[in-house]
Amino acid sequence: APLLFDDTDTAQKNIAALKTNQKIILTYIFKKDQSFVDYLREDKNIKLFISHEEVLKLFLPNLTKNFHFGDNYVGVYAPIYLSGNYIGGVYLQSNLSELEKRLVWARNATLAILGISITFSFLLAWGLQKIITTPLYRLVKTMHQVSKQKTYSVRETKTSTDEIGTLIDSFN
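The text that follows walks through the structure, step by step, so that each part is easy to find. Being a predicted model, the structure only gives us computed values, none of them experimental.

## Comments concerning the pairing of strand β1 (residues 24-31)
Most of β1 is tucked away, with seven of its eight residues classed as buried. By the bridge criterion, seven bridges tie β1 to strand β5 (residues 85-95) in an arrangement that is antiparallel. What sits directly across from Tyr28, in β5, is Tyr91. Between the antiparallel neighbours β1 and strand β2 (residues 34-40) lie two residues, among them Lys32 with a positive phi of about 55°.

## Section: the packing of aromatic side chains
In total, this model carries four aromatic pairs according to the counting rule given. Each ring, one from Tyr28 and one from Phe30, has its centre 5.9 Å from the other, and the planes form 70°; the classification is edge-to-face. Here the two residues Tyr28 and Phe30 agree in accessibility, since each one is buried. Where Phe67 meets Phe69, the ring centres are 6.0 Å apart and the plane angle is 80°; that geometry is what we call edge-to-face. Of the aromatic side chains, those joined through ring pairs into one cluster are Tyr28, Phe30, Tyr77 and Tyr91.

## Regarding the nonpolar core
Core analysis: the biggest nonpolar cluster contains 12 residues, these being Ile25, Leu26, Tyr28, Phe30, Ile50, Val55, Leu56, Phe59, Tyr73, Tyr77, Tyr86 and Tyr91. Looking at this core, the elements that each hand over two or more residues are β1, α2 (52-59), β4 (73-82) and β5. At four residues, β1 tops the list of elements feeding residues into this core. Core analysis: the second largest hydrophobic core is formed by nine residues, Ala11, Ile29, Val37 and Ile87 among them.

## Observations regarding a nonpolar patch on the surface
Taken together, the side chains of Phe120, Leu124, Leu128, Ile131, Ile132, Leu136 and Leu167 make up a nonpolar region of the molecular surface, amounting to roughly 630 Å² of accessible area. Here Leu167 is to be found in helix α4 (residues 163-171). Leu167 sits in the partly exposed class, given a relative accessible area of 40%.

## Describing unusual backbone geometry
One non-glycine residue, Ser83, adopts positive backbone phi at about 55°. Structurally, Ser83 can be placed in the loop between β4 and β5.

## Points about the pairing of β5
Across the 11 residues that make up β5, a large majority, eight, are buried. The pairing of β4 with β5 spans 10 bridges and is antiparallel. Within β5, the position partnered with Leu82 by the bridge is Asn85. Hairpin connection between β4 and β5: a loop of two residues separates the two successive antiparallel strands, and Ser83 in this loop has a positive phi of roughly 55°.

## Examining α4
When α4 is considered as a whole, its buried residues turn out to be Ile164, Gly165 and Ile168. Looking straight down α4, one finds its buried side chains confined to an arc of 100°; they lie on one side. Turned more than 90 degrees away from the buried face of α4, the exposed residues are Glu163 and Ser170. Of the surrounding elements, those touching the buried residues of α4 are α3 (97-149). The N-cap of α4, judged by a side-chain oxygen 3.2 Å from the amide nitrogen of Ile164 a few residues on, is Asp162.

What counts and what doesn't
- Residues numbered from 1 in each chain as written.
- Predicted model: local features only at pLDDT ≥ 70, side-chain atom pairs only at ≥ 80, totals over all residues.
- Heavy atoms only, no water.
- Buried < 20%, exposed > 50% of the residue type's maximum accessible area, 1.4 Å probe, protein only.
- Helix = DSSP H or I, 4+ residues; strand = E, 2+ residues; numbered from the N terminus.
- Pairing = 2+ DSSP bridges.
- Phe/Tyr/Trp six-rings, centres within 6.5 Å; stacked < 30°, edge-to-face > 60°.
- Core = buried A, V, L, I, M, F, W, Y, C linked by side-chain atoms within 4.5 Å.
- Patch = residues over 30% accessible without salt bridge, like charges linked within 9 Å, V, L, I, M, F, W, Y side chains within 5 Å.
- Areas by Shrake-Rupley, 256 points an atom, 1.4 Å probe, with all protein chains shown as cover.
- Salt bridge = Lys/Arg side-chain N within 4 Å of Asp/Glu carboxyl O.
- Arc of directions from axis to C-beta.
- Contact = heavy atoms within 4.5 Å.
- Polar contact = N/O pair within 3.5 Å; in protein donor to acceptor, adjacent residues only side chain to side chain.

Spelled out as structure tokens, the structure:
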């Protein structure tokens with residue numbers, strides 16, 4: 001309605017409600033191809049990322065495109081139609097700092113899980129080495145002793161009743 005009646009005061013009050021959303025950096029309302037009202041968050045750390053003219057260049061030639069990404073922001077444009085005719089549009093720009101924080105958290109969580117998984121894998125391999133590899137190495141050492149020194153009386157001590165124990169029994 002403010003666009004139809006050139007009521008900039010009502011339009012300004014409507015977009016002033018965006019002050020409660022800290023992520024919204026700026027808002028432009030356009031009437032056809034001209035700036036109607038705008039809102040820019042009052043924050044010294046925020047610089048104007050995109051001008052009225054740049055928004056119009058991005059979105060007016062092709063009204064089906066409705067968003068774009070900048071360095072640390074996303075901009076969204078929504079055309080306004082009345083009875084099928086384009087009468088203006090709204091552009092909102094939001095910073096991506098919250099998304100960036102979540103990505104950093106996700107990266108850190110992934111690295112932590114990866115570290116825990118590698119540690120667990122190492123401990124599991126170390127434990128299995130004691131159970132499987134050590135008895136096999138002892139058996140190989142005994143086999144070399146028998147084959148090189150021809151001392152057939154040498155026996156290997158059986159430490160388990162599994163397949164390795166069966167292999168040691170077969171050798172003995």
